[in-house]
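Take a look at the letters that make up each chain.
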Protein chains: 2
Amino acid sequence: MTSLAPWRSPLSRALHRNRSLAYARYFQLATVRADGAPANRTVVFRGFSDRLDMSNSLKIITDHRSEKIAQCAGDQRAEACWYFPKTREQFRLLGTIATVTNQESSEEGGGRERVTTWQNLSDGARLQFAWPQPGDRRAEDENAFTPEPPNPKAPPETFVLLYLIVKQVDWLNLRGDPQDRIIYHQNADGWEEQSVNP
Amino acid sequence: MTSLAPWRSPLSRALHRNRSLAYARYFQLATVRADGAPANRTVVFRGFSDRLDMSNSLKIITDHRSEKIAQCAGDQRAEACWYFPKTREQFRLLGTIATVTNQESSEEGGGRERVTTWQNLSDGARLQFAWPQPGDRRAEDENAFTPEPPNPKAPPETFVLLYLIVKQVDWLNLRGDPQDRIIYHQNADGWEEQSVNP
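A short tour of the structure in this document, coming up. (Residues numbered from 1 in each chain as written. Chains lettered and ligands numbered in written order. Predicted model: local features only at pLDDT ≥ 70, side-chain atom pairs only at ≥ 80, totals over all residues. Heavy atoms only, no water.)

Considerations on the overall build of chain A
As a reminder, the rule being used: Going along the chain from the N terminus, every DSSP run of H or I of four or more residues is numbered as a helix, and every run of E of two or more is numbered as a strand. Within these notes, the globule rule equals 2.2 Å times the number of residues to the 0.38 power, and the radius of gyration is based on C-alpha atoms. By the convention used here, residues are in contact when the closest approach between their heavy atoms is within 4.5 Å. Per-residue and other accessible areas follow the Shrake-Rupley method at a 1.4 Å probe size, with only the shown protein chains counted as cover for residues. Note on charges: Lys and Arg go in the positive column, Asp and Glu in the negative column, and His and the chain ends are not counted at all. To locate a charge, take NZ of a lysine, CZ of an arginine, CG of an aspartate or CD of a glutamate.
Helix and strand content of chain A: four helices and eight strands. Counting from the amino terminus, chain A carries its helices and strands in the arrangement α-β-β-β-α-β-β-α-α-β-β-β. The globule rule puts the C-alpha radius of gyration for 198 residues at 16 Å, and the 18 Å found for chain A is close to it. Dimensions of chain A, computed from the C-alpha atoms along their principal axes, are close to 55 × 35 × 35 Å. In chain A, once contacts between residues fewer than 6 apart in sequence are set aside, the share between residues at least 24 apart is 62%. With the model as given, the accessible surface of chain A reaches about 9300 Å², and the carbon-plus-sulfur share is 47%. Once the 25 positive and 25 negative side-chain charges of chain A are each reduced to a mean point, those two points are 6 Å apart.

Focus: the relation of the copies chain A and chain B
As a reminder, the rule being used: Least-squares superposition aligns the copies on the C-alpha atoms of those residues with pLDDT at or above 70 in both.
The two copies are related by a screw operation: chain A maps onto chain B through 180° of rotation and 0.0 Å of translation along the axis, at an RMSD of 0.0 Å. Seen this way, the second copy is the image of the first under a two-fold rotation axis. Taken together, the interface assignments show that 100% of the residues at the interface of chain A recur at the interface of chain B, consistent with an identical surface on both copies.

Thoughts on helix α1 (residues 8–17) of chain B
Residue and element names in this part refer to chain B. What counts here: Classification of residues uses two cut-offs on accessible area relative to the type maximum, computed with a 1.4 Å probe and protein chains only: under 20% is buried, over 50% is exposed, and between them is partly exposed. Directions from the helix axis toward the C-beta atoms define the arc.
Of all the positions in α1, only R8, P10, L11, A14 and L15 are classed as buried. Each buried residue of α1 sits inside an arc of 165° when the element is viewed along its axis, so together they form one side. Where α1 is buried, its residues contact β4 (77–84), β5 (89–100), β6 (159–173) and β7 (180–187).

Here's the deal with the pairing of strand β4 (residues 77–84) of chain A
All names here are of chain A. Put simply, the test is: Two strands are said to pair when DSSP picks up at least two bridges between them.
The buried count for β4 comes to seven of eight residues, which makes it a mostly enclosed element. Judged from the three bridges that link them, strand β1 (residues 26–32) and β4 form a sheet pairing that is antiparallel. Each residue of the ladder has a partner; that of A30, found in β4, is E79. Examined bridge by bridge, β4 and strand β5 (residues 89–100) share eight bridges and lie antiparallel to one another. Residue pairing for β5: W82 is matched across the bridge by F91. Counted between consecutive antiparallel strands, the loop separating β4 from β5 contains four residues, among which R88 sits at a positive phi close to 55°.

Let's talk about the packing of aromatic side chains
Residue and element names in this part refer to chain B. Going by this rule: Working definition: a ring pair exists when centres of Phe, Tyr or Trp rings (six-membered ring for Trp) sit within 6.5 Å. Plane angles under 30 degrees give stacked, over 60 give edge-to-face, the rest tilted.
Taken as a whole and judged by the stated rule, the model has 27 aromatic pairs over all chains. Aromatic pair W7 and F48: ring centres 6.2 Å apart, planes at 45°, arrangement tilted. Residue W7 is located in the segment before α1, and its partner F48 is located in the loop between β2 (38–44) and β3 (57–63); the two are separated by 41 residues in the primary sequence. With respect to burial, W7 and F48 carry one shared label: buried.

Describing the pattern of salt bridges
Note on pairing: side chains with opposite charge can pair once their charged atoms come close. We apply this condition: Every case where a carboxyl oxygen of Asp or Glu lies within 4 Å of a side-chain nitrogen of Lys or Arg is listed as a salt bridge.
Enumeration over the complete set of coordinates arrives at 18 salt bridges over all chains. With its nearest N and O atoms 3.6 Å apart, the salt bridge here joins E142 of chain A to R138 of chain A. Since its relative accessible area comes to 15%, R138 of chain A is described here as buried. Ionic pairing is found between D75 of chain B and R77 of chain B, a salt bridge with its closest N-O pair at 3.1 Å. Look at D75 of chain B and you get buried, because its relative accessible area is 19%.

What about the interface of chain A and chain B?
Put simply, the test is: By convention, the term buried area covers the 1.4 Å-probe accessible surface removed from two parts as they join, with the contributions of both added. Polar contact criterion, stated in full: a pair of N or O atoms within 3.5 Å, where within protein one must be able to donate a hydrogen and the other to accept it, and residues adjacent in sequence count only if both atoms are side-chain atoms. Under the grouping applied here, Gly and all other residues not named as nonpolar or charged are polar, the nonpolar ones being Ala, Val, Leu, Ile, Met, Phe, Trp, Tyr, Cys and Pro and the charged ones Asp, Glu, Lys and Arg.
The interface of chain A with chain B comprises 50 residues on the first partner and 50 residues on the second. Here chain A packs against chain B, burying approximately 4200 Å² in sum over the two surfaces, 49% of which is carbon and sulfur. Sorting the residues of chain A by area buried against chain B places N40, R138 and N197 of chain A first, and these three jointly supply 17% of that buried surface. Applying the counting criterion to the chain A and chain B interface returns four salt bridges. For R33 of chain A, the salt bridge is made with E79 of chain B, and the minimal N-O distance between the two is 2.8 Å. Here chain A is connected to chain B by 28 residue pairs in polar contact (both at pLDDT 80 or more). Its residues assigned to classes, the side of chain A that touches chain B shows 23 nonpolar, 13 polar and 14 charged.

Below you can see the structure in the form of structure tokens.
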């Protein structure tokens, strides 16, 4: 199934129409903690995967030392909530998270995409992967935050590529009168969509 | 403990500095579904509770027929993720959800605050509580979305007030150089705060 999912078209339109807002490329990613409580944080959309076996999967990046990684190792389920302020649309994307760490060397397994994603980052974004342990007591030596810049060609161990593999999308358009809402659900035959009450 | 929690001050400042953006009053609320998967959606901040026993709790509203209600009945744990675009700050608010439905008639139990919150809504916001069942196949009769307006003085059964009772706050300021991050945690003696690595 390498064809474009039907929700890709309204999502692309939303990205285009909100392109003047840098933060329209941010969304909130919910996962589940080891104790079963939900966790929620803002992440940056890094585009869709180029991999044939990962089509329709959203790319994000994280630090291997972040809580997200431990949470996804325990329970891969996640829901992204993506609100577009200019067009007043919300996409809820439910699915699972797959990680590509530095253990993944095969090109097919995402090793190549991990490297190209790293190479496309800004210097400032790359530097954060050499910062001290996230969540630990604040480093007293502020030089810890101006480390030797990492190699821009080869990602460090801390750099992890994540895919959100989408199984269901709930699209709400608040501008409709009344609001429009469509649920896209993936089943064995492909994607089905259903217009529902907002 | 009716005193203002220490994270209220940076949150108030963020609300003030982002006040030109209507959507800076929206945040994403993560809960857990019956099957353990996370759920995530955008909600509107309706202010802090006036109740002495609910100080530092955020008010939101929902329809009794929404999935949130069923999810919170099963597991009350929730995390809000609130991103402020203008000041580039994120607040993650971890806690539990308490609901006030039309079953709650005592003034102390939130019955009064449920009524005043209803009365402060716009006509358009109130109308949605008389719309057909959310998530059901789209009503074919579009008149279903222009029902008789509900009584602006007395909330209908579908109207539910929710409190997010906050236990921990993770404040990240991306504008810091390097970024600032403070974790506020409630324990038996009150709130403690700790500066941590971003």
